[in-house]
Amino acid sequence: MSFRTRDVDVIVVGLGVLGASALCELARHGVDVVGIEQYQPGHASGSSHGRSRALRFLYDRPGYLELLALALDAWTDLEAATGRRLYWPCGSLFFGRPRNPQLAASLRFSETHGVEVQRLAPNEPARRWPSFALPAGHEGVSP
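Residues numbered from 1 in each chain as written. Predicted model: local features only at pLDDT ≥ 70, side-chain atom pairs only at ≥ 80, totals over all residues. Heavy atoms only, no water.

Student: So what about the pairing of strand β2 (residues 33-36)? Which residues, and what values?
Tutor: Relative to β2, strand β1 (residues 10-13) runs parallel, the two being bridged by four bridges. From the neighbouring strand, Val13 faces β2, where its bridge partner is Ile36. (Pairing = 2+ DSSP bridges. Helix = DSSP H or I, 4+ residues; strand = E, 2+ residues; numbered from the N terminus.)

Here is the structure:
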């Protein structure tokens, strides 16, 4: 077996949704890039297989909301390029124990960055979505 080698600017290892997106964007901006993937295209060994994806609108760390805005723009661009509707906003539900540090940080961060968050009473999720019944003492939020 022989290999041809050449210099490239960037090598992307792993071509799941994040790697493939990085590869595409780098190439689109004129970067000489090569992608390497250990599995066959369409494999089910990564985190991005299956028929649906979710965009989360509640985070506890800086930077994620900025990435979320870029992701929404990218979905819009991909829909325009393919002529297909690919993104359906459907809302989300997060829940945890009151005073859970991660949930509290997520709420503070989202509220200070203009993300509308609806705090739900313990019985509210089960009333609105019968398949959800929060454990006693838990609270729910819906961004």
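Student: Lay out helix α2 (residues 64-82) in plain terms, naming residues and giving numbers.
Tutor: In this model, α2 (19 residues) spans 26 Å end to end at C-alpha, consistent with the 27 Å of a helix rising 1.5 Å per residue. Buried within α2 are the following residues: Leu65, Leu68 and Glu79. Buried residues of α2, seen end-on, are gathered within an arc of 45° and therefore sit on one face of the element. In this structure, α2 carries Leu67, Leu70, Asp77, Ala80 and Ala81 as exposed residues pointing more than 90 degrees from its buried face. On its buried face, α2 sits against α3 (101-112). Gly83 sits one or two positions beyond α2 and adopts a positive phi of about 70°. (Expected span 1.5 Å × (residues − 1). Buried < 20%, exposed > 50% of the residue type's maximum accessible area, 1.4 Å probe, protein only. Arc of directions from axis to C-beta. Contact = heavy atoms within 4.5 Å.)

Student: If you had to explain helix α1 (residues 17-28) to someone new, which residues and values would you point to?
Tutor: Compared with the 16 Å implied by 1.5 Å per residue over 12 residues, the 16 Å span of α1 between its first and last C-alpha is a close match. Following α1 by one or two positions, Gly30 adopts a phi angle in the positive range, close to 85°.

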